[in-house]
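A structural walkthrough
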Amino acid sequence: MSRNPHAGRRRSRAGVTLIEVLIAMTLLSLLSVGILIAMEVGLSAFGKTDTKLMDNRRSAGAERILEQELEGMVPVVAPCGIGPKSTGTNLAFFEGEAQVMRLVSTFSLHGAWRGQPQILELFTIPGEEGAGVRLVVNEIPYIGPATAGQLCLGQQPDPVTGLSTLHFAPVEARPNSFVLADKLAYCRFSYLTPSPQPNQPPRWLPTWTQPGWPLAVRVQMAPLEPDRSRVQPISVTAPVNFHRAPEIQYGDF
């Protein structure tokens, strides 16, 4: 029986060479790196999109909350100036400054329209690291006119106009203060009042010094860094849907 002298030689040539293994490993490494880069880019894009969506939802939700808080304003007449040196005069409970606003609203952050009325303190504070401002709100449960009267210090003459105006206790940020809007270039409040001249349109005032309540309230905001790809803070205007004389005694509050 004869043997084939080339059989062992063919058998020894079966398999792959070291160069082929190195080439395969290199290609596999490049493919793995490409997949990892693609995953990193995709996750980064997903994170940025999710952040923008959350910011847009937060901005739109804050504007909706602000509108509902203003639309739920209640005409509370409180004994202003309760204390050892107070007269306890019943006056319309409403503070309207350029950076501070106090009112009673039937809308709250926790209970929405179903919750207990709240005394709202809307005001601005410096932003993070002093950049821009923030619009924040404090909620104080409204139990009755006496609760609101404790925040009102009484009437004092205005140093500019000389007219008697209401003065309130200063507002301050608390651990439970809610940030309605952040990274704002500015945030200002203004108040609509009838014109003193007949047949003239109402006018907006930067501060409210008149008795009673304004016809409407406007909150003007602008972003610190405008970005067209995101929902930007806008001005919110809410009408005051009641007409009540503070000097008339009512039996509801």
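Given the structure is predicted, the values throughout are model-derived calculations rather than measurements.

1. A closer look at the overall build of the chain
Secondary structure summary: the chain contains three helices and 13 strands in total. Evaluated residue by residue, the chain yields a buried proportion of 35% over its 253 residues. Here the analysis covers contacts within the chain between residues at least 6 apart in sequence; of these, 59% occur between residues at least 24 apart. With an accessible surface of roughly 16,200 Å², the chain has 58% of that area assigned to carbon and sulfur atoms.

2. Looking at the side chain of Glu69
Within the secondary structure, Glu69 sits in helix α2 (residues 18–71). No salt bridge is formed by the buried Glu69; its nearest oppositely charged neighbour, Arg64, is found at 12 Å. In contact with Glu69, other than residues within four places in its own chain, are Leu103, Ser105, Phe107, Leu109, Leu120, Leu122, Val137, Glu139 and Leu180.

3. Quick look at the pairing of strand β12 (residues 216–223)
Counting buried residues along β12, six of its eight residues qualify, which places the element largely inside the surrounding structure. Both β12 and strand β13 (residues 236–239) contribute to a ladder of four bridges, which runs antiparallel. If you follow Ala216 over to β13, its bridge partner there is Pro239.

4. Examining the pattern of salt bridges
A side chain of one charge can pair with a side chain of the opposite charge if their charged atoms are brought near each other. The full count for this structure, using the stated rule, is four salt bridges. Between Glu121 and Arg102 there is a salt bridge, with the nearest N and O atoms lying 2.9 Å from each other. In this pair, Glu121 is assigned in strand β6 (residues 118–126) and Arg102 in strand β5 (residues 100–105), connecting sequence segments 19 residues apart. Judged by relative accessible area, Glu121 falls into the buried class, the value being 2%. The exposure class assigned to Arg102 is buried, which follows from its relative accessible area of 1%. Arg174 is the salt-bridge partner of Glu121, the closest N and O atoms lying 3.9 Å from each other. Remark: Arg174 occurs in the loop between β9 (164–168) and β10 (178–193) and Glu121 occurs in strand β6; sequence separation between them is 53 residues. We classify Arg174 as partly exposed; its relative accessible area is 35%.

5. Considering the side chain of Thr124
Note that Thr124 resides in strand β6. Among the residues examined, Thr124 registers a relative accessible area of 19% and is labelled buried. A polar contact of 2.8 Å, which involves the side chain of Thr124, links it to the side chain of Gln99. Sequence-distant contacts of Thr124, defined by excluding residues within four places in its chain, comprise Gln99, Arg134, Leu135 and Cys187.

6. So, the nonpolar core
Ranked by size, the top nonpolar core spans 29 residues in total, and within it Leu66, Leu70, Phe94, Met101, Leu135, Val219 and Met221 carry the most contacts. Those elements that place two or more of their residues in this core are α2, β5, β6, β7 (133–141), β10, β12 and β13. Contacts of Phe94, omitting those with residues within four sequence positions, involve Met73, Met101, Arg102, Leu103, Leu166, Phe168, Tyr191, Trp208, Gly212, Trp213, Pro214 and Val217.

7. Section: the packing of aromatic side chains
Applying the stated criterion across every chain, the model contains three aromatic pairs. Here the aromatic rings of Phe94 and Tyr191 are separated by 5.8 Å at their centres, their planes lie at 90°, and the arrangement is edge-to-face. On the criterion of sequence distance, the pair formed by Phe94 in the loop between β3 (89–92) and β4 (95–96) and Tyr191 in strand β10 is long-range, its members being 97 residues apart. The class for Tyr191 is buried, based on a relative accessible area of 0%.

Rules and cut-offs
Residues numbered from 1 in each chain as written. Predicted model: local features only at pLDDT ≥ 70, side-chain atom pairs only at ≥ 80, totals over all residues. Heavy atoms only, no water. Helix = DSSP H or I, 4+ residues; strand = E, 2+ residues; numbered from the N terminus. Buried < 20%, exposed > 50% of the residue type's maximum accessible area, 1.4 Å probe, protein only. Contact = heavy atoms within 4.5 Å. Areas by Shrake-Rupley, 256 points an atom, 1.4 Å probe, with all protein chains shown as cover. Lys, Arg positive; Asp, Glu negative; His and termini not counted. Salt bridge = Lys/Arg side-chain N within 4 Å of Asp/Glu carboxyl O. Pairing = 2+ DSSP bridges. Polar contact = N/O pair within 3.5 Å; in protein donor to acceptor, adjacent residues only side chain to side chain. Core = buried A, V, L, I, M, F, W, Y, C linked by side-chain atoms within 4.5 Å. Phe/Tyr/Trp six-rings, centres within 6.5 Å; stacked < 30°, edge-to-face > 60°.

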